[in-house]
Amino acid sequence: MTLAARAIADLRWVAAYWPDLHDSRLHGTPAAFRRVQLTAEQLDERDAAAWIERLERTPEAIGASPAPVRVPVVDLLTGLLADTAYLADELAAALSCPTLEPPASGLADARPYLTFAMRRLGEPAVDDALAAWAYGRTRALVSTVARGLALIYDGQALEIECPWCRGVTPETPAGGAWTWKVRDLLGGRACRHGLPDRRFCVDCEQQVVIVCENDCEPPSKAVGTWWHGFPCWRVYEWDWLAEQVRRAATPTARLEPLRDDEQTASYGGRA
Ligand SMILES: [Zn+2]
Ligand SMILES: [Zn+2]
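What you see is a predicted model; the values in this text were computed from it and never measured.

### Focus on the overall build of the protein chain
Here is step 1 of the chain: Across its full length, the protein chain carries six helices and five strands.
Here is step 2 of the chain: Sequence-ordered secondary structure for the protein chain, helices as α and strands as β, is α-α-α-α-α-β-β-β-β-α-β.
Here is step 3 of the chain: The proportion of buried residues among the 271 residues of the protein chain is 31%.
Here is step 4 of the chain: Within the protein chain, contacts between residues at least 6 apart in sequence are counted, and of these 69% link residues at least 24 apart.

### Looking at the environment of Ile-152
Here is step 1 of the chain: By the secondary structure assignment, Ile-152 is in helix 5 (residues 128-153).
Here is step 2 of the chain: On the neighbour-count criterion, Ile-152 (21 C-beta atoms within 10 Å) is buried.
Here is step 3 of the chain: Remark: the alpha-carbon pair of Ile-152 and Asp-20, spanning 132 residues in sequence, is separated by 8.5 Å.

### Comments concerning helix 6 (residues 238-248)
Here is step 1 of the chain: Considered for burial, the residues of helix 6 that qualify are Trp-238, Leu-241 and Gln-244. Each buried residue of helix 6 lies within a common arc of 110° when the element is viewed along its axis, so the set occupies one face.
Here is step 2 of the chain: Those residues of helix 6 hidden inside the fold are in contact with strand 2 (208-212) and strand 4 (230-234).

### With respect to the confidence of the model for the protein chain
Here is step 1 of the chain: Considering every residue of the protein chain, the mean pLDDT works out to 78; 77% of them sit at 70 or more.
Here is step 2 of the chain: Ranking the helices and strands of the protein chain by mean pLDDT puts helix 4 (residues 111-121) first, with 97, and helix 2 (residues 45-57) last, with 44.
Here is step 3 of the chain: Below pLDDT 50 for its whole length, residues 27-69 participates in 45 contacts with residues either more than four positions away or in separate chains.

### Re the nonpolar core
Here is step 1 of the chain: Val-14, Ala-117, Leu-149 and Ile-210 are the most contacted members of the largest nonpolar core, which totals 54 residues.
Here is step 2 of the chain: Contributions of two or more residues to this core are made by helix 1 (3-27), helix 3 (70-94), helix 4, helix 5, strand 1 (180-184), strand 2, strand 4 and helix 6.
Here is step 3 of the chain: Taken together, domain 1 (3-153) and domain 2 (180-267) each give at least three residues to this core, which thus spans both.
Here is step 4 of the chain: Ignoring any residue separated from it by four or fewer positions in sequence, one finds Ile-210 in contact with Leu-158, Trp-180, Val-182, Cys-232, Trp-233, Trp-238 and Leu-241.

### Observations regarding the environment of Gly-175
Here is step 1 of the chain: Tracing the backbone through its elements, the reader meets Gly-175 in the loop between helix 5 and strand 1.
Here is step 2 of the chain: Classification of Gly-175 as partly exposed rests on a count of 13 C-beta atoms within 10 Å.
Here is step 3 of the chain: Here the alpha-carbon distance between Gly-175 and Cys-165, two residues ten residues apart in the chain, equals 8.1 Å.
Here is step 4 of the chain: Beyond its immediate chain neighbours, meaning those up to four positions away, Gly-175 contacts Arg-166, Gly-167 and Val-168.

### Description of unusual backbone geometry
Here is step 1 of the chain: Even without a glycine there, the phi angle at Ser-96 is positive, about 50°.
Here is step 2 of the chain: As for its position among the elements, Ser-96 is in the loop between helix 3 and helix 4.
Here is step 3 of the chain: Although it is not a glycine, His-228 sits at a positive phi angle of roughly 50°.
Here is step 4 of the chain: Structurally, His-228 is set in the loop between strand 3 (225-227) and strand 4.

### Examining the pairing of strand 4
Here is step 1 of the chain: Within strand 4, four of the five residues are buried, which leaves it mostly tucked inside the rest of the structure.
Here is step 2 of the chain: Here strand 2 pairs with strand 4 via three bridges, running antiparallel. Counterpart to Val-211 in the pairing with strand 4 is Cys-232.
Here is step 3 of the chain: Strand direction decides the pairing type here: strand 3 and strand 4, joined by three bridges, are antiparallel. In the strand pairing of strand 4, Trp-226 is matched with Pro-231.
Here is step 4 of the chain: If you look at the hairpin formed by strand 3 and strand 4, you'll find two residues sitting between the two strands, and His-228 has a positive phi there, around 50°.

### Notes on the environment of Leu-255
Here is step 1 of the chain: Residue position: Leu-255 is located in the loop between helix 6 and strand 5 (265-267).
Here is step 2 of the chain: By C-beta crowding, Leu-255 is classed as partly exposed, having 16 other C-beta atoms within 10 Å.
Here is step 3 of the chain: In this structure, the C-alpha to C-alpha distance between Leu-255 and Gln-244, residues eleven residues apart in sequence, is 5.7 Å.
Here is step 4 of the chain: What Leu-255 contacts, discounting residues up to four positions off in sequence, is Pro-163, Ala-222, Gln-244, Arg-247 and Ala-248.

### A word on the pairing of strand 2
Here is step 1 of the chain: Most of strand 2 is tucked away: five of the five residues are buried.
Here is step 2 of the chain: Because side chains alternate across strand 2, one face comprises the buried residues Val-208, Ile-210 and Cys-212, and the other comprises Val-209 and Val-211, equally buried.
Here is step 3 of the chain: Note: strand 1 against strand 2, five bridges, orientation antiparallel. The residue of strand 2 that forms the bridge with Asp-184 is Val-208.

Quick notes on the rules
All residue numbers refer to positions counted from 1 along the written sequence of the respective chain. The naming scheme follows written order: chains are lettered A onward, ligands numbered 1 onward. Given that the model is predicted, a residue must reach a pLDDT of at least 70 before its local features are reported, and side-chain atom pairs must reach 80 or more before they are shown or counted; all residues, however, enter totals for whole chains, interfaces and linings. Put simply, DSSP marks the helices as runs of H or I at least four residues long and the strands as runs of E at least two long, and each gets a number from the N terminus on. Think of it as a crowd count around each C-beta: if 20 or more other C-beta atoms lie within 10 Å the residue is buried, if 12 or fewer it is exposed, and in between it is partly exposed, with C-beta placed from the backbone throughout. We call two residues in contact whenever the C-beta atoms placed from their backbones are within 7 Å. This arc is taken over the directions from the axis of the helix to the C-beta atoms. Scored from 0 to 100, pLDDT reflects the predictor's confidence in each residue. In plain words, the nonpolar core is the set of buried Ala, Val, Leu, Ile, Met, Phe, Trp, Tyr and Cys residues that C-beta atoms within 7 Å link up. How far each domain reaches was decided by an automatic or database domain assignment. Here a strand pair is declared whenever DSSP counts at least two bridges between the two strands.

Right, dumping it as C-alpha coordinates:
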(Lines give C-alpha, C1' and ligand atoms only; values in the text may rest on other atoms or scores of the structure.)
(Ligands and ions follow the chains in the order given, each with its own letter.)
Protein backbone atom coordinates (compact mmCIF):
# COMPACT_ATOMS: atom_id res chain seq x y z
CA MET A 1 0.00 0.00 0.00
CA THR A 2 1.37 3.44 -0.89
CA LEU A 3 1.72 6.12 1.76
CA ALA A 4 -1.07 8.09 0.12
CA ALA A 5 -3.35 5.04 0.27
CA ARG A 6 -2.48 4.53 3.94
CA ALA A 7 -3.22 8.15 4.68
CA ILE A 8 -6.59 7.81 2.91
CA ALA A 9 -7.36 4.67 4.94
CA ASP A 10 -6.56 6.58 8.13
CA LEU A 11 -8.88 9.40 7.16
CA ARG A 12 -11.68 7.00 6.32
CA TRP A 13 -11.24 5.42 9.73
CA VAL A 14 -11.33 8.78 11.50
CA ALA A 15 -14.49 9.74 9.59
CA ALA A 16 -16.15 6.46 10.53
CA TYR A 17 -15.59 6.98 14.26
CA TRP A 18 -16.26 10.71 14.30
CA PRO A 19 -19.99 10.18 15.12
CA ASP A 20 -19.08 8.09 18.17
CA LEU A 21 -17.14 10.98 19.60
CA HIS A 22 -19.94 13.41 18.83
CA ASP A 23 -22.60 11.13 20.31
CA SER A 24 -20.64 10.75 23.50
CA ARG A 25 -20.38 14.50 23.86
CA LEU A 26 -24.11 14.96 23.45
CA HIS A 27 -25.53 12.13 25.44
CA GLY A 28 -22.82 10.84 27.75
CA THR A 29 -23.96 7.30 26.97
CA PRO A 30 -21.76 4.88 25.07
CA ALA A 31 -22.97 4.04 21.61
CA ALA A 32 -23.22 0.42 20.53
CA PHE A 33 -20.16 -0.96 18.82
CA ARG A 34 -20.26 0.34 15.31
CA ARG A 35 -19.98 -1.95 12.36
CA VAL A 36 -18.04 0.41 10.25
CA GLN A 37 -18.84 0.08 6.58
CA LEU A 38 -18.52 3.65 5.44
CA THR A 39 -16.86 4.53 2.21
CA ALA A 40 -15.67 7.95 1.16
CA GLU A 41 -18.66 8.22 -1.15
CA GLN A 42 -21.10 7.69 1.71
CA LEU A 43 -19.68 10.62 3.63
CA ASP A 44 -21.58 13.03 1.46
CA GLU A 45 -22.88 16.48 2.11
CA ARG A 46 -26.41 15.31 2.84
CA ASP A 47 -25.03 13.28 5.72
CA ALA A 48 -23.07 16.23 7.04
CA ALA A 49 -26.09 18.53 6.78
CA ALA A 50 -28.26 16.08 8.71
CA TRP A 51 -25.59 15.85 11.34
CA ILE A 52 -25.35 19.62 11.79
CA GLU A 53 -29.13 19.89 11.97
CA ARG A 54 -29.13 17.31 14.73
CA LEU A 55 -26.49 19.22 16.68
CA GLU A 56 -28.54 22.39 16.47
CA ARG A 57 -31.62 20.65 17.78
CA THR A 58 -30.01 19.63 21.04
CA PRO A 59 -30.92 21.97 23.86
CA GLU A 60 -27.86 21.11 25.86
CA ALA A 61 -25.13 23.70 26.19
CA ILE A 62 -21.58 22.57 25.53
CA GLY A 63 -19.63 21.96 28.70
CA ALA A 64 -22.70 22.16 30.93
CA SER A 65 -22.75 18.42 31.40
CA PRO A 66 -21.99 16.84 34.77
CA ALA A 67 -20.34 13.87 33.03
CA PRO A 68 -16.59 14.22 33.59
CA VAL A 69 -15.66 12.62 30.33
CA ARG A 70 -17.30 15.13 28.07
CA VAL A 71 -15.09 18.15 28.45
CA PRO A 72 -11.96 16.28 27.31
CA VAL A 73 -13.95 14.86 24.40
CA VAL A 74 -15.04 18.35 23.38
CA ASP A 75 -11.42 19.53 23.52
CA LEU A 76 -10.43 16.56 21.48
CA LEU A 77 -13.11 17.19 18.85
CA THR A 78 -12.08 20.81 18.54
CA GLY A 79 -8.45 19.80 18.09
CA LEU A 80 -9.35 17.13 15.55
CA LEU A 81 -11.38 19.59 13.52
CA ALA A 82 -8.54 22.14 13.50
CA ASP A 83 -5.96 19.52 12.52
CA THR A 84 -8.20 18.10 9.80
CA ALA A 85 -8.98 21.53 8.33
CA TYR A 86 -5.25 22.32 8.36
CA LEU A 87 -4.45 19.08 6.55
CA ALA A 88 -7.14 19.80 3.94
CA ASP A 89 -5.81 23.36 3.44
CA GLU A 90 -2.20 22.30 3.07
CA LEU A 91 -3.10 19.58 0.58
CA ALA A 92 -5.15 22.06 -1.45
CA ALA A 93 -2.25 24.54 -1.43
CA ALA A 94 0.28 21.89 -2.46
CA LEU A 95 -1.95 20.75 -5.31
CA SER A 96 -3.09 24.24 -6.32
CA CYS A 97 -6.76 23.41 -5.66
CA PRO A 98 -9.43 25.71 -4.24
CA THR A 99 -9.74 25.27 -0.47
CA LEU A 100 -12.86 24.58 1.56
CA GLU A 101 -14.48 27.29 3.64
CA PRO A 102 -12.98 27.27 7.14
CA PRO A 103 -15.15 25.60 9.85
CA ALA A 104 -17.96 27.81 11.09
CA SER A 105 -17.14 26.95 14.69
CA GLY A 106 -14.87 24.74 16.74
CA LEU A 107 -17.70 22.20 16.89
CA ALA A 108 -18.38 21.93 13.17
CA ASP A 109 -18.39 18.53 11.49
CA ALA A 110 -14.87 17.47 10.46
CA ARG A 111 -16.10 14.99 7.87
CA PRO A 112 -16.30 17.40 4.90
CA TYR A 113 -12.61 18.20 5.51
CA LEU A 114 -11.77 14.51 5.87
CA THR A 115 -13.54 13.74 2.60
CA PHE A 116 -11.81 16.67 0.90
CA ALA A 117 -8.39 15.49 2.12
CA MET A 118 -9.13 11.91 0.94
CA ARG A 119 -9.99 13.19 -2.55
CA ARG A 120 -6.84 15.33 -2.72
CA LEU A 121 -4.65 12.40 -1.64
CA GLY A 122 -6.20 10.31 -4.41
CA GLU A 123 -4.93 12.69 -7.09
CA PRO A 124 -2.05 11.54 -9.32
CA ALA A 125 -0.13 14.78 -8.63
CA VAL A 126 0.51 13.71 -5.01
CA ASP A 127 4.25 12.99 -4.79
CA ASP A 128 6.10 10.91 -2.19
CA ALA A 129 7.11 13.87 -0.05
CA LEU A 130 3.54 15.18 0.18
CA ALA A 131 2.17 11.70 0.87
CA ALA A 132 4.74 11.14 3.63
CA TRP A 133 3.91 14.46 5.23
CA ALA A 134 0.16 13.74 5.04
CA TYR A 135 0.61 10.25 6.47
CA GLY A 136 2.37 11.71 9.51
CA ARG A 137 -0.65 13.96 10.06
CA THR A 138 -3.22 11.19 9.55
CA ARG A 139 -1.41 8.88 12.00
CA ALA A 140 -1.72 11.63 14.61
CA LEU A 141 -5.46 11.99 13.84
CA VAL A 142 -5.97 8.25 14.30
CA SER A 143 -4.19 8.35 17.67
CA THR A 144 -6.36 11.23 18.79
CA VAL A 145 -9.57 9.43 17.84
CA ALA A 146 -8.32 6.27 19.54
CA ARG A 147 -7.77 8.28 22.69
CA GLY A 148 -11.29 9.66 22.45
CA LEU A 149 -12.77 6.21 21.99
CA ALA A 150 -10.91 5.06 25.11
CA LEU A 151 -12.40 7.94 27.07
CA ILE A 152 -15.87 6.88 25.97
CA TYR A 153 -15.60 3.14 26.02
CA ASP A 154 -12.94 2.14 28.57
CA GLY A 155 -14.28 -0.78 30.59
CA GLN A 156 -17.47 -1.03 28.55
CA ALA A 157 -18.79 -4.46 27.65
CA LEU A 158 -19.76 -4.63 23.99
CA GLU A 159 -23.04 -6.20 22.96
CA ILE A 160 -21.29 -8.60 20.66
CA GLU A 161 -20.97 -12.37 20.51
CA CYS A 162 -17.33 -13.21 19.83
CA PRO A 163 -17.03 -14.97 16.44
CA TRP A 164 -14.40 -17.38 17.83
CA CYS A 165 -15.59 -18.50 21.28
CA ARG A 166 -19.26 -17.74 20.46
CA GLY A 167 -19.76 -16.51 24.00
CA VAL A 168 -19.52 -20.00 25.50
CA THR A 169 -18.70 -19.50 29.17
CA PRO A 170 -19.19 -21.64 32.32
CA GLU A 171 -22.34 -19.60 33.05
CA THR A 172 -23.66 -19.76 29.49
CA PRO A 173 -22.62 -23.17 28.12
CA ALA A 174 -24.96 -22.72 25.14
CA GLY A 175 -23.05 -19.56 24.13
CA GLY A 176 -24.28 -16.06 23.44
CA ALA A 177 -22.58 -14.27 26.32
CA TRP A 178 -21.06 -10.87 25.60
CA THR A 179 -17.40 -11.38 26.40
CA TRP A 180 -15.81 -8.36 24.73
CA LYS A 181 -14.66 -5.33 26.64
CA VAL A 182 -12.86 -2.17 25.65
CA ARG A 183 -9.73 -1.64 27.72
CA ASP A 184 -6.96 0.87 27.86
CA LEU A 185 -4.10 -1.48 28.67
CA LEU A 186 -1.93 1.33 30.00
CA GLY A 187 -4.82 2.89 31.94
CA GLY A 188 -3.37 1.93 35.32
CA ARG A 189 -0.20 3.94 34.78
CA ALA A 190 0.31 7.46 36.02
CA CYS A 191 0.61 10.39 33.65
CA ARG A 192 4.23 11.41 33.17
CA HIS A 193 3.17 15.01 32.73
CA GLY A 194 1.50 15.67 36.06
CA LEU A 195 -2.15 15.24 35.05
CA PRO A 196 -4.43 13.42 37.51
CA ASP A 197 -5.70 11.05 34.78
CA ARG A 198 -3.36 9.97 32.00
CA ARG A 199 -6.29 9.06 29.73
CA PHE A 200 -6.90 12.77 29.30
CA CYS A 201 -3.25 13.49 28.53
CA VAL A 202 -2.46 14.10 24.87
CA ASP A 203 1.23 13.32 25.39
CA CYS A 204 1.00 9.95 27.13
CA GLU A 205 0.82 6.82 24.98
CA GLN A 206 -2.50 4.95 24.82
CA GLN A 207 -3.02 1.28 24.12
CA VAL A 208 -6.72 0.87 23.46
CA VAL A 209 -7.97 -2.62 22.67
CA ILE A 210 -11.04 -4.82 22.56
CA VAL A 211 -10.38 -7.87 24.71
CA CYS A 212 -12.33 -11.14 24.66
CA GLU A 213 -12.28 -11.89 28.38
CA ASN A 214 -13.13 -15.52 27.99
CA ASP A 215 -11.44 -18.84 27.41
CA CYS A 216 -11.05 -17.85 23.78
CA GLU A 217 -8.52 -19.26 21.32
CA PRO A 218 -8.84 -17.73 17.86
CA PRO A 219 -6.31 -18.94 15.26
CA SER A 220 -3.05 -17.03 15.72
CA LYS A 221 -3.49 -15.23 12.41
CA ALA A 222 -6.74 -13.77 13.72
CA VAL A 223 -5.29 -12.39 16.95
CA GLY A 224 -3.86 -8.89 17.14
CA THR A 225 -2.23 -9.20 20.54
CA TRP A 226 -2.46 -11.33 23.66
CA TRP A 227 -3.09 -9.68 27.02
CA HIS A 228 -2.89 -11.85 30.13
CA GLY A 229 -3.84 -14.81 27.98
CA PHE A 230 -6.85 -13.11 26.40
CA PRO A 231 -6.91 -12.26 22.71
CA CYS A 232 -7.19 -8.57 22.04
CA TRP A 233 -7.32 -6.24 19.07
CA ARG A 234 -5.94 -2.73 18.92
CA VAL A 235 -8.20 0.10 17.93
CA TYR A 236 -6.65 0.13 14.44
CA GLU A 237 -7.89 -3.41 13.93
CA TRP A 238 -11.52 -2.74 14.83
CA ASP A 239 -12.67 -2.38 11.24
CA TRP A 240 -11.36 -5.84 10.52
CA LEU A 241 -12.94 -7.07 13.76
CA ALA A 242 -16.32 -5.58 12.86
CA GLU A 243 -16.09 -7.34 9.50
CA GLN A 244 -15.50 -10.69 11.22
CA VAL A 245 -18.54 -10.12 13.43
CA ARG A 246 -20.58 -9.43 10.33
CA ARG A 247 -19.25 -12.55 8.59
CA ALA A 248 -19.92 -14.70 11.64
CA ALA A 249 -23.57 -13.67 11.42
CA THR A 250 -23.71 -14.75 7.77
CA PRO A 251 -23.91 -18.54 7.45
CA THR A 252 -22.11 -18.72 4.09
CA ALA A 253 -19.31 -16.26 4.90
CA ARG A 254 -15.93 -17.33 6.23
CA LEU A 255 -13.76 -15.46 8.70
CA GLU A 256 -10.59 -14.02 7.21
CA PRO A 257 -7.09 -13.73 8.71
CA LEU A 258 -6.00 -10.42 10.17
CA ARG A 259 -2.44 -10.86 8.93
CA ASP A 260 -0.42 -13.27 6.86
CA ASP A 261 2.45 -13.60 9.31
CA GLU A 262 2.57 -15.37 12.65
CA GLN A 263 4.03 -12.44 14.58
CA THR A 264 1.86 -11.71 17.58
CA ALA A 265 2.77 -9.28 20.33
CA SER A 266 1.97 -10.17 23.93
CA TYR A 267 1.31 -8.03 26.96
CA GLY A 268 1.38 -9.39 30.48
CA GLY A 269 2.33 -12.88 29.29
CA ARG A 270 0.11 -15.73 28.24
CA ALA A 271 -1.72 -17.58 30.99
ZN1 LIG B 1 -13.88 -14.90 22.23
ZN1 LIG C 1 0.88 12.47 30.31
